[in-house]
Amino acid sequence: VKRDFFRRLTGFTIGEYEGTVSYGLEDTPKKVREAMEKRNLTDSDITDLIVEFLRVQKSITSDFNPICWPPIWMPEELGIYCSEDTMPMVSKEVYEEFGLLYVNQLSDEFGGIFLHSCKIQEEHFPSILKIKNLRGINFDLSGSAEFGKIVKFFEDKIVISPHNYLRQGVPF
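Along each chain, numbering runs from 1 in the same order as the chain's sequence is written. Selection of residues for local features in this predicted model requires a pLDDT of at least 70, selection of side-chain atom pairs for listing and counting requires 80 or more, and totals for whole chains, interfaces and linings are taken over all residues. Heavy atoms from the whole structure form the basis of all side-chain values; hydrogens and water molecules are not counted.

(A) A look at helix 7 (residues 147–154). A 1.4 Å probe rolled over the protein chains alone gives each residue an accessible area, and that area as a share of the maximum for its type sets the label: buried under 20%, exposed over 50%, partly exposed in between. A run of H or I in DSSP counts as a helix once it spans at least four residues, and a run of E counts as a strand once it spans at least two, with each numbered from the N terminus. Residues of helix 7 that are buried: Phe147, Ile150 and Phe154. Looking straight down helix 7, one finds that the buried residues subtend no more than 60 degrees of arc, so they occupy a single side. By definition, residues are in contact when any of their heavy atoms lie within 4.5 Å. Buried-residue contacts for helix 7 involve helix 6 (125–128), strand 3 (134–140) and strand 4 (159–163). Positive phi appears at Asp156, one or two residues downstream of helix 7, with a value of about 65 degrees. To obtain the arc, one takes the directions from the helix axis to the C-beta atoms.

Next up, the structure:
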C-alpha cells in the first residue's frame, strides 16, 4: 500500500469536516462522497487496506483467526469475524449505501462473515441478512433490540451469539 493512500485516508478521517465520518454519513452523505472524491478515495480503498492487512496476517501464521471483541473463534474456511459498530449510528439506507458494500467485499474475499455490532437494531435486521455468507451475529443484549425479536427474525438462518457486557441482569 502506498504512503499516499495513508495520507489521503488520514486527511479524510480526521480532516477538515466537522464531526465523525459516521455522523457525516447520516447527516450529509453527499458531503461525505465529495470529501472522498477530494481526497481521491474510492468506495473500496478502505476495504482494500483491510483485505491487504488480513492477507499479511494470514501469511505469517499457521493459525489465522482475525478477531475483535468479544473473542469468537470460527474455522478459517468459514470466513472472518468482523466488527460493524458504526451500523447503529446510521440509518438502514445509509448503512446499505456505505457499509454493506464493504462487508460484502470482505465476505467475498474471505468466504464469509461473522458479524459483531455492539448494538443490533430492528431497523437493520433486513440489511444484516443481505451480508453474503453471513455465518452469525454477536451483539450486546443491553443495547440491542429485544432478544426475542432478534431470535424470531434470525433463527434458523444464522448463529446468534449475544453477550451481556454493558449491563448485568438483562432478561432473555
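(B) Just the nonpolar core, in detail. Within this scheme, the nonpolar core is defined by two criteria: the residues are buried Ala, Val, Leu, Ile, Met, Phe, Trp, Tyr or Cys, and they are joined through side-chain atoms within 4.5 Å. Counting 30 residues, the largest nonpolar core has Ile113, Leu115, Ile128, Ile131 and Ile137 as the members making the most contacts within it. For this core, the element with the highest residue contribution is helix 5 (residues 92–110), accounting for 8 residues. Residues within four places of Ile131 in sequence aside, it is in contact with Tyr95, Leu100, Val103, Asn104, Ile113 and Leu115.

(C) Structural view of helix 4 (residues 45–59). The span one expects for a helix is its residue count, reduced by one, times 1.5 Å. Taking 1.5 Å as the rise per residue, helix 4 with 15 residues should run 21 Å; its terminal C-alpha atoms sit 21 Å apart, in good agreement. Along helix 4, the residues that are buried comprise Asp45, Thr47, Val51 and Leu54.

(D) Region of interest: the sheet that holds strand 4. Pairs of strands are assigned from DSSP output, requiring at least two bridges between the strands. Here we have 4 strands laid out as an open sheet, ordered 1-2-3-4, and parallel in their pairing. This sheet does not close on itself; its edge strands, each paired only once, are strand 1 (80–83) and strand 4. The mean angle between the axes of side-by-side strands here comes to 20 degrees, regardless of whether they run parallel or antiparallel. Pairing analysis gives 4 bridges linking strand 2 (residues 113–116) to strand 3, with the strands arranged parallel. Within strand 3, the position partnered with Phe114 by the bridge is Gly136. Axes here mean lines fitted to C-alpha atoms, for a helix over just the part in contact, with angles spanning 0 to 180 degrees between N-to-C directions. In the packing of helix 7 onto the sheet, contacts are made with strand 3 and strand 4, and the angle to strand 4 comes to roughly 165 degrees.

(E) Up close: unusual backbone geometry. Despite not being glycine, Asn133 shows a phi value in the positive range, around 50 degrees. Note on placement: Asn133 falls in the loop between helix 6 and strand 3. Since its relative accessible area comes to 41%, Asn133 is described here as partly exposed. In this structure, Asp156 takes a positive phi of about 65 degrees despite not being glycine. One can find Asp156 in the loop between helix 7 and strand 4. Classification of Asp156 as exposed rests on a relative accessible area of 80%.

Limitation: the analysis is restricted to geometry and does not speak to function.
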